Amino acid sequence: MYDPRLETFLTVADSGSFNKAAEKLYITPTAVIKQINLLETSIDVKLFDRTHRGLRLTKAGKSLYQDTKYII
């Protein structure tokens, strides 16, 4: 089953920033953050380490990234 939050997740992971991902997806950064937070809540896993330099995938995030790239 397709989940649009996974597409957002891939874009954020590739961009390394909520703002850059929002620009690519033509939505607001707040919408991107909400989608990522909902995805993390629904699977009960933290996907990104948020730092002042940007975002980095956690180990679980890297695993989901690879699986999602394969699926999509």
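Residues numbered from 1 in each chain as written. Predicted model: local features only at pLDDT ≥ 70, side-chain atom pairs only at ≥ 80, totals over all residues. Heavy atoms only, no water.

Draft legend 1. The arrangement of the pairing of strand β1 (residues 48-51) in detail. Relative to strand β2 (residues 54-57), β1 is paired through four bridges, and the arrangement is antiparallel. In the strand pairing of β2, F48 is matched with L57. The loop that links β1 with its antiparallel partner β2 comprises two residues. (Pairing = 2+ DSSP bridges. Helix = DSSP H or I, 4+ residues; strand = E, 2+ residues; numbered from the N terminus.)

Draft legend 2. Here's a closer look at the nonpolar core. One finds F9, V12, F18, V32, I36 and F48 to be the most contacted residues of the largest nonpolar core, which totals 14 residues. Of all elements in the fold, only α1 (4-15), α2 (18-25) and α3 (29-43) reach the threshold of two or more residues within this core. Per-element tally for this core: the top contributor is α1, with four residues. (Core = buried A, V, L, I, M, F, W, Y, C linked by side-chain atoms within 4.5 Å. Buried < 20%, exposed > 50% of the residue type's maximum accessible area, 1.4 Å probe, protein only.)

Draft legend 3. Summary view of α1. For α1, built from 12 residues, the straight-helix expectation of 16 Å at 1.5 Å per residue is met to within 8% by its first-to-last C-alpha distance of 17 Å. Those residues of α1 lying buried are L6, T8, F9, L10, T11, V12 and S15. Elements that come into contact with the buried residues of α1 comprise α2, α3, β1, β2 and α4 (59-71). G16 lies just past α1 and shows a positive phi near 75°. (Expected span 1.5 Å × (residues − 1). Contact = heavy atoms within 4.5 Å.)

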